[in-house]
Structures are given as C-alpha cells and as structure tokens.
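# Survey of secondary and tertiary structure
Here are the chains, one letter per residue:
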Amino acid sequence: ILCATHNLLLSKLAGTVHEALIASRLVTVQVPGGPRTAALAHAAVVEAINAADSSAAFIAMETLVKATWQDVETILNSPKSPSDERSLAALVGRA
C-alpha cells in the first residue's frame, strides 16, 4: 500500500514499517481470536481501497491500527513469566 502511493517518503518508510508489522504480528497472534479479527479488519481496508473510497479506507485503517495497538497492550500487560517478559521486550524494542 505504501509503495502504491507513489510517495517517495512513504516508499522509503516501507522497510521500517515492515519490521514493525512483523513484530506486532508476533505479539498479536497471542490474543485469542486475534488472527481472525485482524484478517477481517485487513479485508475491510482492501475492500475500501478497491472501491476507491478514501474515507472508508481511512476509517478501516484507523480501526485496524487501534485494534492492533490494543492487542499489543493486552499481551504486554498480561501476566507472564520473566523469560516471556524478556522475549516480548526484545521483540518490541523495550529491552
């Protein structure tokens, strides 16, 4: 999506965004039902883009980002063992 904007700045950010998405994915798959919910949210973004509906795409992406952030917070704030804490901290750059 970033590259499709043909915006040089956004295209340059694609690598950084990709790494952040990988890290968030490793955390959010731990949320029960998270992968299914995320798939539906991503589908809403794609549907809005395909329909060339920028308002709907913005809302769908905003909803997806907020839900992802909430899932990350849920996992990072859940009770876990010290080794899990170190692994998650390293994963999201809190080490």
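This text follows the structure it describes.
Scope of this entry: the structure provided in the associated data block. As the structure is a prediction and not an experimental result, all values here were calculated from the model.

With that settled, consider the pattern of salt bridges. Taken as a whole and judged by the stated rule, the model has one salt bridge. Where Glu62 meets Lys66, a salt bridge forms, and the shortest distance between an N and an O atom there is 3.9 Å. Within this pair, Glu62 and its partner Lys66 are both found in helix H3 (residues 54-76), separated by four residues, close to a single helical turn. Using a relative accessible area of 36% as the deciding quantity, one classes Glu62 as partly exposed. A relative accessible area of 56% places Lys66 in the exposed class.

Next up on the list: H3. Here H3 spans 32 Å end to end across 23 residues, near enough to the 33 Å set by a 1.5 Å rise per residue. Listed as buried for H3 are Ala57, Ala60, Leu64, Asp71, Val72, Ile75 and Leu76.

With that settled, the discussion passes to the nonpolar core. The nonpolar side chains of soluble globular proteins are, as a tendency, buried together. Counting five residues, the largest nonpolar core is built from Val27, Val31, Val72, Ile75 and Leu76. Top element by residues in this core is H3. It accounts for three residues.

Helix length check: helix H2 (residues 34-50) (17 residues) gives 24 Å between terminal C-alpha atoms against 24 Å at 1.5 Å per residue, within 8%. Positive phi appears at Ala52, one or two residues downstream of H2, with a value of about 55 degrees.

The packing of two helices is summarised by the inter-axis angle and the distance between the axes. At a minimum axis separation of 9 Å, helix H1 (residues 8-28) and H3 run at an interaxial angle of 60 degrees. Relative to H3, H1 is oriented oblique. Note that H1 runs across H3; the crossing there is left-handed. Of the residues in H3, those touching H1 at Ser24, Val27 and Thr28 are Thr68, Asp71, Val72 and Ile75. Residues of the contact of H1 with H3, tallied by class, amount to three nonpolar, three polar and one charged.

Its volume calculated, the largest pocket comes out at about 910 Å³. Surrounding the largest pocket, 31 residues form its lining, Leu21, His42, Met61, Leu64 and Val65 being those nearest its centre. For the lining of the largest pocket, the elements supplying multiple residues, two or more each, are H1, H2 and H3. Looking at the lining of the largest pocket residue by residue, the class counts come to 20 nonpolar, nine polar and two charged.

Definitions and limits used
- Residues numbered from 1 in each chain as written.
- Predicted model: local features only at pLDDT ≥ 70, side-chain atom pairs only at ≥ 80, totals over all residues.
- Heavy atoms only, no water.
- Salt bridge = Lys/Arg side-chain N within 4 Å of Asp/Glu carboxyl O.
- Helix = DSSP H or I, 4+ residues; strand = E, 2+ residues; numbered from the N terminus.
- Buried < 20%, exposed > 50% of the residue type's maximum accessible area, 1.4 Å probe, protein only.
- Expected span 1.5 Å × (residues − 1).
- Core = buried A, V, L, I, M, F, W, Y, C linked by side-chain atoms within 4.5 Å.
- Axes fitted to C-alpha atoms, helices over the stretch in contact; angles between N-to-C directions.
- Parallel < 35°, antiparallel > 145°, perpendicular 65-115°, else oblique.
- Left-handed = near helix turned anticlockwise from the far one by under 90°.
- Contact = heavy atoms within 4.5 Å.
- Nonpolar A, V, L, I, M, F, W, Y, C, P; charged D, E, K, R; others polar.
- 1 Å grid on protein atoms, 1.4 Å probe; cavity = no way out; pocket = protein on both sides within 12 Å on 5 of 7 lines; lining within 4 Å.
- Points joined across faces, edges and corners; volume = space filled by probe spheres on them.

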